[in-house]
There are 2 protein chains.
Amino acid sequence: MKKFVNDPANFVPEFMKGVVLANPDLLEFVPEFQMIKRKDRPVADKVSVIQGSGSGHEPAHVMAVGPGMLDGACQGAVFAAPPVDACYETIKALASDAGVLVLVNNYQGDRMAWETAIELAEAEDIKVKSFIINDDVAVKDSLYTVGRRGVAGNFFVIKACGAAAAQGKSLDEILAIAEKVNNNVRTMGVALTSCIPPAKGTTIFDLGDDEMEVGVGIHGEPGRRREKIHPANQIVDELFDAVAQDIPYKSGDRVALMVNGLGGTPISELYVLYAHAHERCEQAGYTVVRNYVGEYCTSLEMAGASLTLLKLDSELEAYLAAPAEVAVRIF
Amino acid sequence: MKKFVNDPANFVPEFMKGVVLANPDLLEFVPEFQMIKRKDRPVADKVSVIQGSGSGHEPAHVMAVGPGMLDGACQGAVFAAPPVDACYETIKALASDAGVLVLVNNYQGDRMAWETAIELAEAEDIKVKSFIINDDVAVKDSLYTVGRRGVAGNFFVIKACGAAAAQGKSLDEILAIAEKVNNNVRTMGVALTSCIPPAKGTTIFDLGDDEMEVGVGIHGEPGRRREKIHPANQIVDELFDAVAQDIPYKSGDRVALMVNGLGGTPISELYVLYAHAHERCEQAGYTVVRNYVGEYCTSLEMAGASLTLLKLDSELEAYLAAPAEVAVRIF
């Protein structure tokens, strides 16, 4: 197994420890619940925005904790939902008078864990609401979902809600923002290789040397179809057409365009994809107001990428431009 | 070949085009010389800091162009030095009254190209000096070098010189800063897999399923030895001991600690490495003042990582903390 691991059973707490050692002023690690939270949250008059899901999608979710982003997050094992008690304790640790918003990507395991945790928290009079993210246009239902999956579009929901929370918006106002982002964001991805979960030690699916999985899920779930690998621009065309036709986006739209690496693809290749995706936006009459090229929602070391479009209005543009700080950075 | 490419011959200009499309206000692309430069440079009273080397190490070098970093950079093909005319034109495009500083990583091809280009520029009375970076402790000489190689420590030289140039320091002052950083920075890396240069289409070296290359170069050059893969912490120990004993760093030192991914290793694994590297610093009595976990100098999609220590003083701490902006970012 070509990975940097010690005991695979400790992979998640070990990388979480690294994140907190690298951000000692900002973050606090609660190992018992595999939770990372902002040291300076909760505060009574600010909504806390939280999340929790399986590990293996870093920087989502625990590396997206910080000012203007998530206030806290808990992680399950790699590709496994967090346990109910971790979700409950994360709500409790971030509970504020203004309330808690839980952003849940649409996977059955995550939904069940958070629903139960929210019931437990409400029984203690904690003010908490949740919102389900489902931006992946690839498949209607999938291996782990009823309905569409939540993938890289999650980043934009976090960014907008985190900015709104920092500005002191109410729980209902932030819930409306989450809904607006989710209604206007669409994603599709493609895998060139499988990843290797540390505890499994082997690939989770097999692709031929000349094959790709179009519409892959971030746990290696099947997508729309398996194809021969195409030139980069043709792959962008497949992803772009599927995404753009879904809402559909229209000429004149102002958009954020994201090319997200799935973990094992170098940034040079992501910029090859970006160049053509940007051109496709221009040809379609969309103005690319903000762009995002890098890793936002990954599948361990999977080689692959996803393309996300978010239709903007002045409110969302302001939230995306607002300051924010997380563990992952170049400076 | 499991890569996002169109025609491999166009891989470099295509990703460069993507970088400039994503940063239209900041950057300008000169395709003829595979050069990217800041739109707002040169200015007469500021030293221009430039670089140019083979492609395949992104974000080094063209994705490190921006305010407080490089003013311009040119790229050769993947793992090939840039041609003399590209180096010469980059110097000329960034020439200013205050002068040009060329930061050259220590590879024979790069040195020869830049030396000739500098002679040509000097013949036109352009004020230009160069500095050679050689932070890799792995081997004394190597496949492409006489003396040590320049690797991820390059980032710190760029960051400090870029900050000093932005503050209006003179060419000689910035040269002294480059020398101070290079004298105090040391790196060693390890590869778990080979990368695949797009134009070659196959791996450049072969490692067994249970092997790693300790002290690998960023073009897949041999390092110190080939070993069975060890647990992550033991790998960190090997890198840390080699780096820390080199200067040597001493108890009481204030340091910047970098864990750099070589392209195919997910950020979760880099933080596993960081956690133990941070602990080793603490045990050795070094205070980690700044930390860097991510991709700074890569080898296409190679799975692997390098560890860098930089000994700080108050001047270098201030330069590292100064504002800067480049293409690669999460927001």
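Residues numbered from 1 in each chain as written. Chains lettered and ligands numbered in written order. Predicted model: local features only at pLDDT ≥ 70, side-chain atom pairs only at ≥ 80, totals over all residues. Heavy atoms only, no water.

Here we look at the relation of the copies chain A and chain B
Then step 1. Each copy superposes on the other: chain A lies on chain B with an RMSD of 0.0 Å after a rotation of 180 degrees and an axial shift of 0.0 Å. Both copies of the chain, as the preceding transformation shows, are related through a two-fold rotation axis. Closest to the rotation axis within chain A is the C-alpha of Gly264 of chain A, separated from it by 2.1 Å.
Then step 2. The residues that chain A uses at the interface reappear at the interface of chain B in 100% of cases, marking a shared surface. (Least-squares fit on C-alpha atoms with pLDDT ≥ 70 in both. Contact = heavy atoms within 4.5 Å.)

With respect to the packing of aromatic side chains
Residue and element names in this part refer to chain A.
Then step 1. Overall, the coordinates contain 16 aromatic pairs over all chains when judged by the stated rule.
Then step 2. Here the aromatic rings of Phe155 and Phe156 are separated by 5.5 Å at their centres, their planes lie at 75 degrees, and the arrangement is edge-to-face. Taken individually, Phe155 and Phe156 each receive the classification buried, so the pair is uniform in this respect.
Then step 3. With a centroid separation of 4.7 Å and 65 degrees between ring planes, the pair formed by Phe155 and Tyr296 is classed as edge-to-face. Of this pair, Phe155 sits in helix 4 (residues 154-166) while Tyr296 sits in the loop between strand 11 (287-294) and strand 12 (304-311); the two residues are 141 residues apart in sequence, bridging distant segments of the chain. The same class applies to Phe155 as to Tyr296, namely buried.
Then step 4. Each member of the aromatic cluster is reached from another via a ring pair, and the members are Phe155, Phe156, Tyr292 and Tyr296. (Phe/Tyr/Trp six-rings, centres within 6.5 Å; stacked < 30°, edge-to-face > 60°. Buried < 20%, exposed > 50% of the residue type's maximum accessible area, 1.4 Å probe, protein only. Helix = DSSP H or I, 4+ residues; strand = E, 2+ residues; numbered from the N terminus.)

Examining the pattern of salt bridges
Residue and element names in this part refer to chain A.
Then step 1. Evaluated as defined, the whole model comprises 48 salt bridges over all chains.
Then step 2. Its salt-bridge partner being Lys92, residue Glu124 comes within 3.9 Å of it at the nearest N-O pair. Of this pair, Glu124 sits in the loop between helix 3 (108-122) and strand 6 (128-133) while Lys92 sits in helix 2 (residues 84-93), placing them 32 residues apart in sequence.
Then step 3. Note on Glu124: relative accessible area 40%, which makes it partly exposed. (Salt bridge = Lys/Arg side-chain N within 4 Å of Asp/Glu carboxyl O.)

Quick look at the sheet that holds strand 9 (residues 225-228) of chain B
Residue and element names in this part refer to chain B.
Then step 1. An order of 9-8-7-12-10-11 is seen for the six strands of this open sheet, with the pairing classed as mixed. Looking at the sheet topology across the chains shown, the edges are occupied by strand 9 and strand 11 (287-294). Each neighbouring strand pair of the sheet contributes to a mean axis angle of 20 degrees, computed without reference to strand direction.
Then step 2. Two elements, strand 7 (residues 185-191) and strand 12 (residues 304-311), share seven bridges in a ladder whose sense is antiparallel. Bridge pairing in strand 12 places Arg186 opposite Leu309.
Then step 3. Helix 4 (residues 154-166) rests against strand 7, strand 10 (254-261), strand 11 and strand 12 of the sheet, and its axis sits at about 125 degrees to strand 10. (Pairing = 2+ DSSP bridges. Axes fitted to C-alpha atoms, helices over the stretch in contact; angles between N-to-C directions.)

Comments concerning the packing of helix 4 of chain A against helix 8 (residues 314-321) of chain A
Residue and element names in this part refer to chain A.
Then step 1. Where helix 4 meets helix 8, the axes come as close as 8 Å, and the angle between the chain directions of the two elements is 85 degrees. In terms of orientation, helix 4 and helix 8 fall into the roughly perpendicular class. Note on element contacts: helix 8 touches helix 4 through Leu316, Tyr319 and Leu320, opposite Phe156, Lys159, Ala160, Ala163 and Ala164.
Then step 2. Split into classes, the residues belonging to the contact of helix 4 with helix 8 amount to seven nonpolar, no polar and one charged. (Parallel < 35°, antiparallel > 145°, perpendicular 65-115°, else oblique. Nonpolar A, V, L, I, M, F, W, Y, C, P; charged D, E, K, R; others polar.)

Some remarks on the interface of chain A and chain B
A common measure of how large an interface is: the accessible area buried when the components associate.
Then step 1. Each partner contributes to the interface: chain A provides 65 residues, whereas chain B provides 65 residues.
Then step 2. Applying the counting criterion to the chain A and chain B interface returns 22 residue pairs in polar contact (both at pLDDT 80 or more).
Then step 3. Among the residues making up the side of chain A that touches chain B, the classes are represented as 37 nonpolar, 12 polar and 16 charged. (Polar contact = N/O pair within 3.5 Å; in protein donor to acceptor, adjacent residues only side chain to side chain.)

Here's the deal with the side chain of Ser299 of chain A
Residues and elements named next belong to chain A.
Then step 1. Turning to its location among the elements, Ser299 is positioned in the loop between strand 11 and strand 12.
Then step 2. You can call Ser299 buried: its relative accessible area is 0%.
Then step 3. Excluding anything up to four places from it in sequence, Ser299 contacts Gly56, His57, Phe79, Cys195, Ile218, His219, Gly220 and Leu262.

Focus on the sheet that holds strand 6 of chain A
Residue and element names in this part refer to chain A.
Then step 1. The six strands lie next to each other as 1-2-4-3-5-6, forming an open sheet whose pairing is mixed. Looking along the sheet, the strands with just one partner apiece sit at the ends: strand 1 (27-30) and strand 6. Each strand of the sheet is rotated relative to its neighbour by a mean of 20 degrees, with strand direction disregarded.
Then step 2. Contacts from helix 2 reach strand 2 (35-38), strand 3 (48-55), strand 4 (72-78), strand 5 (100-105) and strand 6, with the element oriented near 165 degrees to strand 4.

Some details on the pairing of strand 3 of chain A
All names here are of chain A.
Then step 1. In terms of burial, strand 3 is largely enclosed, as eight of its eight residues are buried.
Then step 2. Relative to strand 5, strand 3 runs parallel, the two sharing four bridges. Note that in strand 5 the partner of Ile50 across the bridge is Val102.
Then step 3. Summarising the sheet, strand 3 and strand 4 pair through five bridges and their orientation is parallel. Across the sheet, Gln51 pairs through a bridge with Ala73, a residue of strand 4.

Some points on the domain arrangement of chain A
All names here are of chain A.
Then step 1. For chain A, the assigned domains are domain 1 (8-183) and domain 2 (185-312).
Then step 2. Opposite the 29 residues of domain 1 that make contact, domain 2 presents 35 residues.
Then step 3. Both faces considered, domain 1 and domain 2 share a buried interface measuring about 2,600 Å² in area, 67% of it formed by carbon and sulfur atoms.
Then step 4. Ranking the residues of domain 1 by area buried against domain 2 places Phe79, Val137 and Phe156 at the top, with a combined share of 23%.
Then step 5. Across the domain 1-domain 2 interface, the total number found is two salt bridges.
Then step 6. The shortest N-O distance in the salt bridge between Arg148 and Asp246 comes to 2.6 Å.
Then step 7. Run the count over domain 1 and domain 2 and you get 14 residue pairs in polar contact (both at pLDDT 80 or more).
Then step 8. The leading source of residues in the side of domain 1 that touches domain 2 is helix 5 (residues 171-184), at three residues. (Domains from an automatic or database assignment. Buried area = accessible area lost by both parts, 1.4 Å probe.)

Thoughts on unusual backbone geometry
Then step 1. Along the chain, Arg41 of chain A connects to Pro42 of chain A via a cis peptide bond; the corresponding omega equals 10 degrees.
Then step 2. Within the secondary structure, Pro42 of chain A sits in the loop between strand 2 and strand 3.
Then step 3. Put simply, Ile247 of chain B and Pro248 of chain B share a cis peptide bond, and its omega is -10 degrees.
Then step 4. Mapped onto the secondary structure, Pro248 of chain B falls in the loop between helix 6 (232-244) and strand 10.
Then step 5. Even without being glycine, Phe79 of chain A reaches a positive phi, approximately 60 degrees.
Then step 6. Tracing the backbone through its elements, the reader meets Phe79 of chain A in the loop between strand 4 and helix 2.

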